[in-house]
Amino acid sequence: MHATRLLLGFGFTNLAMLGWLAAAAAPLVIHLWSRRRYREVPWAAVAFLLAAMRKNSRRIQLQQWLLLAVRTLLILLVVLAVAKPYANEAGVGGSLVPTHRVVVIDTSFSMTYRDADSTRLARAKELAASVVARQGPADKLTVLTLADPPRELAGLEAVTATQGRADLAATLDLIAAALKPEADSPARFDRQQVTTFSDLQRSTWESASTEQFDKLAEQASFSAVDVGTPNTANLAVTDLRAAAAFVTVGVEIPFDATLHEFGNEPRKDCAVEFLVDEIPIRRQTIDVPAGGDATLRFSHRFRTPGSHIVAVRASGDMLDLDNTRWLAVPVDERVNVLCVGGQRADVKYIVDALNPDGSSESPIRPQIATEGELAEIDLAPFDCVFLSNIAQLTSDEVDRFKRYVAQGGGLAIFLGDEVQADSYNFAFAREESLLPVRLGEIATESRFGIDPQDYRHPIVAPFRGRERAGLLTTPVRKYFRLEQVKVGAIEVAATLANGDPLIVTSSFGRGRVVLVATAGSLASVDAAGEPWTAWPAWPSFLPIVREMLNYAVGGRQGTWQTTVGASLPLPAGRGPWEITRPDGRTTSVSSDTDISGIYTMRRAGSEDVTRYAVNIDTRESDLAQADASKLPPQLNLGTTIDVLTDNRTAASAAWQSPLLWTALALLLAEMCLAWLFGRGVA
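Not measured: the values here are computed from a predicted model.

Analysis parameters
Residues numbered from 1 in each chain as written. Predicted model: local features only at pLDDT ≥ 70, side-chain atom pairs only at ≥ 80, totals over all residues. Heavy atoms only, no water. Helix = DSSP H or I, 4+ residues; strand = E, 2+ residues; numbered from the N terminus. Buried < 20%, exposed > 50% of the residue type's maximum accessible area, 1.4 Å probe, protein only. Contact = heavy atoms within 4.5 Å. Phe/Tyr/Trp six-rings, centres within 6.5 Å; stacked < 30°, edge-to-face > 60°. Pairing = 2+ DSSP bridges. Axes fitted to C-alpha atoms, helices over the stretch in contact; angles between N-to-C directions. Core = buried A, V, L, I, M, F, W, Y, C linked by side-chain atoms within 4.5 Å. Patch = residues over 30% accessible without salt bridge, like charges linked within 9 Å, V, L, I, M, F, W, Y side chains within 5 Å. Areas by Shrake-Rupley, 256 points an atom, 1.4 Å probe, with all protein chains shown as cover. Salt bridge = Lys/Arg side-chain N within 4 Å of Asp/Glu carboxyl O. Parallel < 35°, antiparallel > 145°, perpendicular 65-115°, else oblique. Left-handed = near helix turned anticlockwise from the far one by under 90°. Disulfide = S-S within 2.5 Å. Expected span 1.5 Å × (residues − 1). Arc of directions from axis to C-beta. Polar contact = N/O pair within 3.5 Å; in protein donor to acceptor, adjacent residues only side chain to side chain.

The helix and strand inventory of the chain stands at 14 helices and 33 strands. Burial analysis of the chain (682 residues in total) assigns 45% to the buried set. In the chain, the proportion of contacts linking residues at least 24 apart, taken out of those at least 6 apart, comes to 73%.

See the structure below:
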C-alpha cells in the first residue's frame, strides 16, 4: 500500500518520452551481442594468455558490469529528464495529502464570447479538466458555477453556459458551504483548494467582498485563472422601447432602439434590422461611437389588437447573445380611462382634456362615474383611473386601488374643496402606502406660475422650450400642502413658485400614482365662491392631463418586460397557466426564465394569450476586465495554469536539472572508466 501511494505521488509532463526507456537495454544488448560475434578457435599460443587472464577474471568482470551499469543509468537519466518528472503536493515523502478541490467555473453569458475558434467557457472547461485529471484516491472534487444563481454540479460535463449575470456574493456563500466539513462524513481533508476559471469581468469582480474572501481564506487556498482577454470590444442592443405610453390600433407608434459599443474603437456601418411579429419591416446601418450610444427610431402602425412582439437585431460579433432585444407590446382598440368625481362637474374638464371632441374614434375613451358608483365598478378593464375631489377614501377602496395599481394600473388624483385630509392621511399612512405623503393645511395665498423643476420629470418634460404653453403662468389660489412621509419615496414633478410641491408621483408595484395638490375643476370653490384655481381653463391643462395619463399608464410597459432569471407576473384571473418558452418547452412555472426570448402565457381552456419579452441584463455585455489592484489578494492572480493545478512546471524544473547534471557526470565518468579499463590501469 505504501509503494502504491508513493508511486501516485509522481508524474511526468511528457509521458510519451518514457517510451525511450527501452533504449536503456541497448548497452546490455550490445554487450551480449559482442560476446557472440566471434567464433572461438583453439590456439596453443593463446593458452598461456588465458591462464594469465583467469587470475584477473573476477576483476575484469566487475569492470565490465560497472561500465554496463553506468551506460544504462546514463540513458535512463537522460530519458527521465526529457520526460519532465514532477511530484505532487504530497512531496517526496511517500504519502499523498488528502485534498478537497473546489473548481468554480464562470458560466455567465459573457463566457460565450468567442476567442478565435473557441469560447471562453470551452477554454475554462479544458483547463479545469487538468485539475480533475490529477485527483487521487483520497481526494474530493466539488464543481460549482459562478452564475445567478450559482449551482453545485455533478461534474465538468454538466457545466453549460447560462444567459444570466454572475452573482459573486452568492457564489462565495456556496463555496463556504462546500468547504464546511460534513458532520456525517468520516473523510477529513488536510488541504482545501479553490480554483476559479473566469474572464474576470469588472462588473462582477470589482464588487468582490474582501470580508468574504478573508473568511474563506482561513479554510482554503485560492487561485483564479483568467480565460478572458483585455480590451475586448462588444456591441449590444441595450434598450428598446415605445416612444408612446400606450399603443392603439391604427396609430403610428414610434419605437426607439439604443445600441452601445463597449470597446475602444467606433463601429462603422453596423447593420440593424427591425422586426414586428418576426417579420422584418426595416433595415438600416448606423455608426456607433467608441464607448457610446447610438439611437435609432422607427415606427409601425398595428392593424390588429392583441399582444405583439417588436424586435431589434444588430449585426453579429463575437458575442451574439446581446445583439437582439425584444419588446412585448399590448395593442388595444382604445385606452379606457375611468374618471370619478365627487360630482360629475368635478371631472368635466379632465374628460374634455382626454377627449376634446368627444369622438368615438378617439384613441382615449373616458368613462364618467360618481363617488357613490365607484364601489360597483370593476377596475380591471381600465388602463387608468382619475379621481377628482373625492371626499374620502375608505379602507376597502384603498385596498382595491392598491391591487389595481400593483398589477400595472395608473391612478391620478386631483384634490379639491370636498377632500377630508384626515381620511386621506389615514389611508396613505398605512403599511405599503399607495402614496407616501401627508395632506397638510390648505394654503390660501394666491400663487402664479408653476416651477417645472428643470423639466426633469416625464410629466413636464414635453413643456421644455414651450414657455408659451401657459404652464409657467398657471394661477393657483388654494392647494393642500404636501408633506413627504418617506425620504426618496416620491418624485416631485412640479412645485409652485414658493417651492411647495404641486405634482408628486410614486411607483407602486408595476403601476404609478400621480397626486395634484390643487383641484382639477372650476367646481372647487372657497367660501366666497372663488375657484381654487383657474388651471382647468388654462391652455396648459389639456397637455398636462395628457402627460399625467401617459406617465401613469406608462408603468404598464414594464409589465410585459423582464430580464433572464426573473419571474413572470401572472395576469389577472385564476389559472392554471401554460407557459411556452422560447425553446418550445412548455412549463407552468413563471420563474423558469433562464433563456432570453418570448414567453407565451395562456390560461388553460382559453384562446387569449399574453406574451412577455425576457431580455438579458446588458451589464454583463461590458467585457472590460477588473483592475488587478482592486481584486482581493487571496485570488493569487498572475499564476499560470500549471502552477494552479499541480505545480508541474516548477516541479519539473526542480527535478530535471539534477537529473541532467547527474547524467553529465556519469558521461564523464564513463569516458574515464573506459579509458582506465582499456589501458589496464584499474
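This paragraph deals with the packing of aromatic side chains. To describe a pair of aromatic rings, you give the distance between the ring centres and the angle between the ring planes. For the structure on display, the rule yields seven aromatic pairs. Look at Phe213 and Phe222: their rings are 5.5 Å apart centre to centre, the planes differ by 65°, and that puts the pair in the edge-to-face class. The exposure classification of Phe213 matches that of Phe222, with both residues buried. Considering the side-chain rings of Phe255 and Phe298, the 5.5 Å spacing of their centres and the 20° angle between planes classify their relative orientation as stacked.

Ordered by their spatial adjacency, four strands build an open sheet running 13-12-15-16, and the pairing between neighbours is antiparallel. Both outer strands of the open sheet, strand 13 (279-288) and strand 16 (324-331), are each paired with one neighbouring strand and no more. The sheet shows a mean angle of 20° between the axes of neighbouring strands, taken without regard to direction.

Phe386, Ile503 and Ile544 are the most contacted members of the largest nonpolar core, which has 77 residues in total. Residue contributions to this core peak at eight residues, all from helix 12 (residues 541-554). Filtering out sequence-adjacent residues up to four positions away, Phe386 remains in contact with Val337, Leu338, Cys339, Val340, Ile350, Leu354, Ala412, Phe414, Val545, Met548 and Leu549.

Taken in spatial order, the five strands line up as 29-33-32-30-31 in an open sheet, and their pairing is mixed. Taken across any chain shown, the strands that pair with only one partner, and hence form the sheet edges, are strand 29 (561-563) and strand 31 (586-587). Sheet topology places strand 29 next to strand 33 (residues 609-615); three bridges connect them, and they run parallel. Among the inter-strand pairings, Gln561 is bridged to a residue of strand 33, identified as Ala613.

Okay, a nonpolar patch on the surface next. A cluster of nonpolar side chains, namely Trp661, Leu664, Leu667, Leu668 and Met671, defines an oily patch on the protein surface of about 530 Å² accessible area. Within the fold, Leu664 resides in helix 14 (residues 648-679). A residue is classified by how much of its surface remains accessible, and Leu664, at 41% relative accessible area, is partly exposed.

Another aspect to go through is the packing of helix 6 (residues 168-179) against helix 8 (residues 210-217). Two quantities define a packed helix pair, namely the angle between the axes and the distance from one axis to the other. For the pair helix 6 and helix 8, the least separation of the axes is 11 Å and the interaxial angle reads 15°. The orientation of helix 6 relative to helix 8 falls into the category roughly parallel. Crossing of helix 6 against helix 8: the hand is left-handed. Across the interface between the two elements, Ala169, Leu172, Asp173, Ile175, Ala176 and Leu179 from helix 6 touch Gln212, Phe213 and Leu216 from helix 8.

Mapped onto the elements of the fold, Ser567 is located in the loop between strand 29 and strand 30 (577-580). Taking the relative accessible area as the measure of exposure, Ser567 reaches 44% and is therefore partly exposed. It is 3.9 Å that separates the C-alpha atoms of Ser567 and Ser591, two residues lying 24 residues apart in sequence. Those residues within four positions of Ser567 in sequence are excluded, and the remaining contacts are Thr562, Ser590 and Ser591.

What follows concerns the state of the cysteines. Scanning the model with the defined rule gives zero disulfides in all. Of all cysteine sulfurs in the structure, the one in Cys384 sits closest to Cys339, which takes part in no disulfide; the separation is 8.2 Å.

Another point: the pattern of salt bridges. For the structure shown, the criterion picks out 23 salt bridges. A salt bridge links Glu273 to Arg283; its shortest N-O distance comes to 2.5 Å. With Glu273 in strand 12 (residues 267-276) and Arg283 in strand 13, the pair connects residues that are 10 residues apart, well separated along the chain. Salt bridges sharing partners connect three or more residues here, namely Arg581, Asp583, Arg585, Asp592 and Asp594.

So, about the pairing of strand 28 (residues 511-519). Remember that side chains alternate between the two faces of the sheet whenever the strand is regular. Where burial is concerned, most of strand 28 is hidden: eight out of the nine residues are buried. Here strand 27 (residues 501-508) runs beside strand 28; their pairing, made up of six bridges, is antiparallel. Bridge pairing in strand 28 places Val504 opposite Leu515. Counted along the chain from strand 27 to the antiparallel partner strand 28, the turn is two residues long, and its residue Gly509 has a positive phi close to 60°.

Moving on to helix 12. End to end, helix 12 covers 19 Å across 14 residues, agreeing with the expected 20 Å (1.5 Å per residue, within 8%). Burial analysis of helix 12 places 10 of its 14 residues in the buried class, which makes it a mostly covered element. Those residues of helix 12 that sit buried are Phe541, Ile544, Val545, Glu547, Met548, Leu549, Tyr551, Ala552, Val553 and Gly554.

The set of residues buried in helix 8 consists of Gln212, Phe213 and Leu216. The buried residues of helix 8 all sit within an arc of 95° when viewed along its axis, so they share a single face. Relative to its buried face, helix 8 has exposed residues pointing more than 90 degrees away, namely Glu211 and Lys215. On its buried face, helix 8 is in contact with helix 6, helix 7 (202-205) and strand 9 (221-226).

Glancing now at the pairing of strand 8 (residues 191-198). With respect to burial, strand 8 is a largely interior element, seven of its eight residues being buried. Taken together, the seven bridges between strand 3 (residues 99-106) and strand 8 define a ladder with parallel strand orientation. Looking at strand 8, one finds that Thr99 is bridged to Arg191. Pairing between strand 8 and strand 9: six bridges, direction parallel. Considered in strand 9, the bridge of Phe197 is made with Val225.

By the secondary structure assignment, Asp396 is in helix 10 (residues 395-406). Spatially, the C-alpha atom of Asp396 lies 9.0 Å from that of Ala375, the residues being 21 residues apart in sequence.

We now examine the side chain of Asp526. Within the secondary structure layout, Asp526 lies in the loop between strand 28 and helix 12. What makes Asp526 buried here is its relative accessible area of 13%. There is a polar contact of 3.1 Å between the side chain of Asp526 and the side chain of Arg477. There is a polar contact of 2.7 Å between the side chain of Asp526 and the backbone nitrogen of Glu530. Excluding residues that lie within four positions of it along the chain, Asp526 makes contacts with Arg477, Lys478 and Trp532.

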